[in-house]
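Summary of structural features
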Amino acid sequence: MDTNQLGFSDLHLTSLGLGTWAIGGGGWDYGWGPQDDARSLEAIDRALELGIHWIDTAPAYGLGHSEEIVGQAISGRRNEVIVATKCGLVWDEGAHSTYERLTAESVRQEAEDSLRRLDVDVIDLYQIHWPDPEKQIEEAWATIAELIEEGKIRYGGVSNFSVEQLKRIQPIHPVASLQPPYNMLERDIEEELLPYCAEHDIGVIAYSPMQSGMLTGKYDRESVEAMPEEDWRKDSKHFTEPELSANLRLIEGLRPIAERNDKTLPQLAIAWVLERPEVTAAIVGARKPEQIEETAVAGSWDLSEKDLEEIEALPEKRESRLTDAGPDRHPGA
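Below: a short report on this structure. (Residues numbered from 1 in each chain as written. Predicted model: local features only at pLDDT ≥ 70, side-chain atom pairs only at ≥ 80, totals over all residues. Heavy atoms only, no water.)

1. A look at the sheet that holds strand β5 (residues 82-87)
An order of β3-β4-β5-β8-β9-β10-β11-β12 is seen for the eight strands of this closed barrel, with the pairing classed as parallel. In this sheet, neighbouring strand axes are inclined to one another by 30° on average, regardless of whether the strands run parallel or antiparallel. Relative to the sheet, helix α4 (residues 137-149) contacts β5, β8 (123-128) and β9 (153-159), its axis offset from that of β9 by approximately 160°. (Pairing = 2+ DSSP bridges. Helix = DSSP H or I, 4+ residues; strand = E, 2+ residues; numbered from the N terminus. Axes fitted to C-alpha atoms, helices over the stretch in contact; angles between N-to-C directions. Contact = heavy atoms within 4.5 Å.)

2. Regarding the pattern of salt bridges
Under the defined criterion, the tally for this structure stands at 24 salt bridges. Between Arg-260 and Asp-307 there is a salt bridge; the shortest N-O distance is 2.8 Å. Residue Arg-260 is found in helix α8 (residues 243-260), and its partner Asp-307 is found in helix α11 (residues 305-313); the two are separated by 47 residues along the sequence. Connected via shared salt-bridge partners are Asp-10, Arg-78, Asp-124 and Arg-154. (Salt bridge = Lys/Arg side-chain N within 4 Å of Asp/Glu carboxyl O.)

3. Observations regarding the packing of aromatic side chains
This model, assessed by the stated rule, comprises four aromatic pairs. Note on Phe-8 and Tyr-155: the rings are 6.1 Å apart at their centroids and 75° apart in plane angle, and the pair reads as edge-to-face. Here the residue Phe-8 occupies a position in the loop between β1 (3-5) and β2 (12-14), and Tyr-155 occupies one in strand β9, the gap between them amounting to 147 residues. Of the residues examined, Phe-8 reaches a relative accessible area of 35% and is grouped as partly exposed. (Phe/Tyr/Trp six-rings, centres within 6.5 Å; stacked < 30°, edge-to-face > 60°. Buried < 20%, exposed > 50% of the residue type's maximum accessible area, 1.4 Å probe, protein only.)

Take a look at the structure:
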């Protein structure tokens, strides 16, 4: 699997990283439904066996549970794994939902809690999850700079930030990475964000390359309707009309491209994201070993010019296009 340097940092990431949102389990407002912890640990172990050497998590995923599972999985093999986590989404004791807070006190406490749950001495990459409350982003970023000086964090990054927000915090401390949503259905970052990151040596870690499963080709109307009520995607714009019909048509156009390459739709969706030279790596989620075994193949597949041209033409045939700005608002970054 290819490995790329993350921006100006000395972190070298495999082109795919393991995302752990879904293994946080259910029982909170953005869960994916019930999850077996044993299967989660098996998925992480398999990812490491396949050469994926970095894991992306967050306190919000399962309200701390995802970080705890990651901590268990990397116990005794810390030197083999680069760990990225986040701050900015917090919850009250006994609650089942998160809210935004980026005060200095909160960021510092969240970092300490993450270190404890992950059972590590230092976090390799610590990211502001969402730029909310926006008025607090400078305060949060200054605190992250302090934590870097103290040796509790190696590098700081952000997720879901705009160019203007990056410009506000860059003078405080250099930004090592940006984590935006990027896939065939959400391409807004191509216009300004990707060029800005390239110019300022900011690594780009793309999340949702399969658009939370929509681009896997494993869903139709019936399977979407059958999703558990606690699955947050039931209210996602990509899984509801009018986007649902348009997305399903796009997927049918992608199938022949994947098939002639003897690849699957998930592999095609991920490989497409990695074709952008500004993208350092992409995050792929997995709830069981079989899922990461399939998607890992995309980490070393280069699409042909013919493939890229055909894919580029497909969205123009959709009857409806994304017109609203920004991604679904959720803690999945």
